[in-house]
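Per-entry structural report
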Amino acid sequence: LLFEQVGLNKREAKDMVERFFERAQSSLTAPPGEQGPKLVSQEKEEIRFGNMLLSILPPAYGRIGQQVWRLKTGELATLTVVAVLRHAAERGNLPESLDELVQRGYLDALPKDPFGAGPLSYRKTNDGFLLYSWGENLTDDGGVQGLRQGGQPGLWADNGDWVFWPVSEPELKQ
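Rules used throughout
Residues numbered from 1 in each chain as written. Predicted model: local features only at pLDDT ≥ 70, side-chain atom pairs only at ≥ 80, totals over all residues. Heavy atoms only, no water. Helix = DSSP H or I, 4+ residues; strand = E, 2+ residues; numbered from the N terminus. Buried < 20%, exposed > 50% of the residue type's maximum accessible area, 1.4 Å probe, protein only. Areas by Shrake-Rupley, 256 points an atom, 1.4 Å probe, with all protein chains shown as cover. Pairing = 2+ DSSP bridges. Axes fitted to C-alpha atoms, helices over the stretch in contact; angles between N-to-C directions. Phe/Tyr/Trp six-rings, centres within 6.5 Å; stacked < 30°, edge-to-face > 60°. Contact = heavy atoms within 4.5 Å. Polar contact = N/O pair within 3.5 Å; in protein donor to acceptor, adjacent residues only side chain to side chain.

Examining the overall build of the protein chain
The helix and strand tally for the protein chain stands at five helices and three strands. Considering the protein chain as a whole, with its 174 residues, one finds that 39% of them fall into the buried category. Here the protein chain displays about 10400 Å² of accessible surface, and carbon together with sulfur accounts for 55% of that area.

Structure representation (structure tokens):
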């Protein structure tokens, strides 16, 4: 009845719903750093006025996608930190690059930064190493951690980089 009220027959309604969910699925598979389909509005998704369910889902899918890519990035970073620390423990030094971790079998492949233009960013420092993702602003801020509301550094801030190592004091307390 709801679809008929906006002028859609059963076939048109089914096609619209299938297009919507195909688009939603593809928006969750393309990394944020790559141009991929996004669910943005009723008009762009060709959702006819009056379909409440499909009109409220795009923002939810955007948020779901954000969480999915945060989890994937966190998983890659965790595996990479473990590989770097294992390398240091077994060989007595930090690797020069993430490529070295792959060459020596600590990682199966370079950990691609879903928010960057290549692998997660890694470099040795005077007191250890730095490992970060470019984060949601899709910009390499040189390993400067983003700030949350209130000005405190935060791992998932939408500005700055997401620094996974070293772990900052505020992150340890949470």
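Re the sheet that holds strand β1 (residues 121-125)
The strand order across the open sheet formed by three strands is β1-β2-β3, and the pairing between neighbours is antiparallel. Edge positions in the sheet fall to β1 and β3 (162-165), since each of these pairs with one other strand and no more. Put simply, the sheet's adjacent strands are angled 25° from each other on average, direction ignored. Both strand β2 (residues 128-133) and β3 contribute to a ladder of three bridges, which runs antiparallel. Looking at β3, one finds that Tyr132 is bridged to Val163.

Observations concerning the packing of aromatic side chains
By the definition in use, this model includes five aromatic pairs. Their ring planes at 10° and their centres at 5.5 Å tell us that Phe129 and Trp165 sit as a pair that is stacked. Of this pair, Phe129 sits in strand β2 while Trp165 sits in strand β3, and the two are 36 residues apart along the sequence. You can call Phe129 buried: its relative accessible area is 4%.

Examining the pairing of β2
The element β2 is largely enclosed, with a buried count of six among its six residues. Across five bridges, β1 lies against β2 in antiparallel orientation. For Lys124, the partnering residue across the bridge sits in β2 and is Phe129.

Regarding the environment of Asn137
Mapped onto the fold, Asn137 is located in the loop between β2 and β3. In this structure the C-alpha to C-alpha distance between Asn137 and Asp158, which are 21 residues apart in sequence, comes to 6.2 Å. In this structure, Asn137 is in contact with Asp158, Asn159 and Gly160, ignoring residues within four places of it in sequence. One polar contact links Asn137 to Asp141, side chain to side chain, over a distance of 2.9 Å.

What about unusual backbone geometry?
Glycine aside, the phi torsion of most residues is negative, and most peptide linkages are trans. A cis amide bond links Trp165 with the next residue in sequence, Pro166, at an omega value of 0°. Of note in this structure, Leu138 is not a glycine but carries a positive phi near 60°. Here Leu138 shows up in the loop between β2 and β3. Look at Leu138 and you get partly exposed, because its relative accessible area is 38%.

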